Amino acid sequence: MIVEICANSFESALAAQEGGARRIELCSELSVGGLTPSYGLLKKVLNELTIPVHVLIRPRSGDFSYTPAEMDIMLADIALCKELGCDGVVSGVLNTDNTIDMEAIKLLIKEASTLQFTFHRAFDWVMNPLKALDQLKELKVHRLLTSGQKNSAVEGIELLKELKTRSEDILEIMPGGGINYTNASLFKSNGFSAIHLSATTKHQTLSNKLLVSMHNSALFEEGIVPQTDSEMVRNVVDLVKK
């Protein structure tokens, strides 16, 4: 069974390799479900690791419905992954009604070309998972990462097994979400060929209590996408230039 580690830093990627993981999904910002890693992180990981590297292509948090400008960014990130020698990309695009955005995924797969393409846990938001699976089969994605539409893959095991049966080996079903040492054997015993986990521990880096928080909980709500408002900018600019 392949153990894929969701690695959010160079240190995490190196630890995954040293621990015997067979593949990593490289990203940043686990707290919002993962975002595309920086060029510097990507290059260092590819230069220094020997296991396959798949890269998360997600330009922002909030939801999985993207504007044309955001699609341009995602396509450019995939092109960079090809140029740097990545083994695969991980992405997903939904319409605003949380159905698979077929045309957007076709564009991403075309850009990915020879790279493996994994559709990520945006799948866990779709209303009709079996129809969505058929669409992903039609699109010829290589792999689906899902928790079985539950908060953890253990809770979603029945749907995961159904997806695996219905996938007909056209694409791989990879359970992910809440997997750890205590439950990983469940997925092996049910015939899954790969599992996805982060295997993270928290490390205290600061010894002093912070005077000001840099986190804004109001911006972490799913379905909310913060965006600069031009009129608000104009009001401030007009105010201070007088």
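In this text, all values refer to a predicted model and were calculated from it rather than measured experimentally. (Residues numbered from 1 in each chain as written. Predicted model: local features only at pLDDT ≥ 70, side-chain atom pairs only at ≥ 80, totals over all residues. Heavy atoms only, no water.)

### With respect to the sheet that holds strand β3 (residues 53-56)
With parallel pairing, the 8 strands of this open sheet are ordered in space as β7-β6-β5-β4-β3-β2-β1-β8. Here the strands that pair on one side only, and so sit at the sheet edges, are β7 (172-175) and β8 (194-197). Pairs of neighbouring strands in the sheet enclose a mean axial angle of 25 degrees, with direction left out of account. The sheet contact formed by strand β1 (residues 2-7) and β8 spans 4 bridges and is parallel. (Pairing = 2+ DSSP bridges. Helix = DSSP H or I, 4+ residues; strand = E, 2+ residues; numbered from the N terminus. Axes fitted to C-alpha atoms, helices over the stretch in contact; angles between N-to-C directions.)

### Considerations on helix α2 (residues 39-48)
Here α2 has its buried residues at L41, L42, V45 and L46. For α2, the buried positions fall inside an angular range of 125 degrees around the axis, keeping them on one side. Summarising the contacts, the buried residues of α2 are in contact with α1 (10-18), β2 (23-26), β3 and α3 (68-84). (Buried < 20%, exposed > 50% of the residue type's maximum accessible area, 1.4 Å probe, protein only. Arc of directions from axis to C-beta. Contact = heavy atoms within 4.5 Å.)

### As for unusual backbone geometry
Even without being a glycine, S113 presents a positive backbone phi close to 55 degrees. Assignment of secondary structure puts S113 in the loop between α4 (102-112) and β5 (116-119). Judged by its relative accessible area of 46%, S113 is partly exposed. For E168, which is not a glycine, the phi torsion comes out positive at approximately 55 degrees. Relative to the elements of secondary structure, E168 occurs in the loop between α6 (157-167) and β7. A relative accessible area of 54% means that E168 is categorised as exposed.

### Some points on the pairing of β2
Judged by which residues are buried, β2 turns out to be covered on both faces: R23 and E25 on one side and I24 and L26 on the other are all buried. As judged from the 4 bridges shared by β1 and β2, these two strands associate in the parallel manner. Within β2, the position partnered with E4 by the bridge is R23. The β-α-β motif built from β1, the intervening α1 and the parallel element β2 has right-handed crossover chirality. Read from β2 through α2 to β3, the crossover connection turns out right-handed. (Right-handed = clockwise from strand over helix to strand, strands pointing away.)

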